[in-house]
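This is what each chain is made of:
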Amino acid sequence: MTPFEQLRDIVARLRSPDGCPWDREQTNVSLVSPVLEEAYEVAGAIDAHDDVNLREELGDLLLLIVMHAQIASEEQRFSIDEIACAINEKLIRRHPHVFGGNQVRGSEAVIRQWEAIKRDEKTGDTHYLASLPTALPALMRAEKAQKKAARVNFDWHELRDVMAKVDEELEETKRAVASTEAAKIADEIGDLLFAVVNLARKCGFEAERLLQSATTKFIARFNEMEDRLRARGGKLGEARLEELDAIWQEIKADSKH
């Protein structure tokens, strides 16, 4: 028995009548959040260059995939083998330059070919952006929409045009805030965020990663501010904004040295 076959048997046993009560209660719906969480744990291990943790997190993700397949199999919807067969067929079908006679040069050409094949496979909504998953994190979904649009030439060519769009959206946001109309403010802030994602993309960065990095930096500085405040006999929730901001500026200045 291979390790993967053993994993399948373990999951089936956990789901059996004499198995684990928690595992038996799970459904495809209840396991959505765990799948997303484990995917982010995998990303965290990769960012940390931690192979030991990466191996463990990939195992946790694989377990959830097998669990999803086991639940579907019990309901006679599909099996793990059908999942493997479907992805095998898709990989062969979407790589005709490897498994067929097509000739393409470079990764961009491969991506355009992949997208063209995907459009040919569609049986429902035939719009170009219909395949974008709605469950993606908002920044990531915005970036993917922009990248796909760029592949069909709907994209700014000059960075200055992208920056001008950010400035334009910021001015529109200011006017919306001045109007005090909640719906208008929300709409313009959304447009501003979308424009900033575009700026990050055109500069060669992923907005999701940039915001994660900025949040991590904020947390580190906030923790340092709390420590310095405590050392001065202060306490969060009691200190005035002016005192907190003064400490914050000290930390920023120290980080530049």
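What comes next concerns the included structure. (Residues numbered from 1 in each chain as written. Predicted model: local features only at pLDDT ≥ 70, side-chain atom pairs only at ≥ 80, totals over all residues. Heavy atoms only, no water.)

Here the focus is the overall build of the protein chain. Helix and strand content of the protein chain: 12 helices and 0 strands. Shown N-terminal to C-terminal, the secondary structure of the protein chain runs as helices and strands in the order α-α-α-α-α-α-α-α-α-α-α-α. For the protein chain, whose C-alpha radius of gyration is 25 Å, the value lies well above the compact-globule estimate of 18 Å for 257 residues. Considered along the principal axes of its C-alpha atoms, the protein chain spans approximately 65 × 50 × 40 Å. Taking all 257 residues of the protein chain together, the buried fraction comes to 24%. (Helix = DSSP H or I, 4+ residues; strand = E, 2+ residues; numbered from the N terminus. Rg over C-alpha atoms; globule rule 2.2 N^0.38 Å. Buried < 20%, exposed > 50% of the residue type's maximum accessible area, 1.4 Å probe, protein only.)

On the surface, Phe4, Leu62 and Ile65 cluster together to form a nonpolar patch covering roughly 230 Å² of accessible area. Tracing the backbone through its elements, the reader meets Leu62 in helix α4 (residues 51-74). (Patch = residues over 30% accessible without salt bridge, like charges linked within 9 Å, V, L, I, M, F, W, Y side chains within 5 Å. Areas by Shrake-Rupley, 256 points an atom, 1.4 Å probe, with all protein chains shown as cover. Salt bridge = Lys/Arg side-chain N within 4 Å of Asp/Glu carboxyl O.)

Here we take up helix α10 (residues 182-202). If you check α10, its first and last C-alpha atoms are 30 Å apart, about what 21 residues at 1.5 Å a residue would give, namely 30 Å. Those residues of α10 that fall on the buried side of the exposure criterion are Ile185, Glu188, Leu192, Ala195, Val197, Asn198, Ala200 and Arg201. Elements in contact with the buried residues of α10: α8 (138-151), α9 (159-179) and α11 (207-231). Two residues or fewer after α10 comes Gly204, characterised by a positive phi angle close to 90 degrees. (Expected span 1.5 Å × (residues − 1). Contact = heavy atoms within 4.5 Å.)

On to the packing of α8 against α11. Packing of α8 against α11 leaves a shortest axis separation of 8 Å and a crossing angle of 150 degrees. Relative to α11, the element α8 is oriented roughly antiparallel. Seen from α8, the contacting residues are Leu139, Met140 and Glu143; seen from α11, they are Ala207, Glu208 and Leu211. Within the contact of α8 with α11, the residues separate by chemical class into 4 nonpolar, no polar and 2 charged. (Axes fitted to C-alpha atoms, helices over the stretch in contact; angles between N-to-C directions. Parallel < 35°, antiparallel > 145°, perpendicular 65-115°, else oblique. Nonpolar A, V, L, I, M, F, W, Y, C, P; charged D, E, K, R; others polar.)

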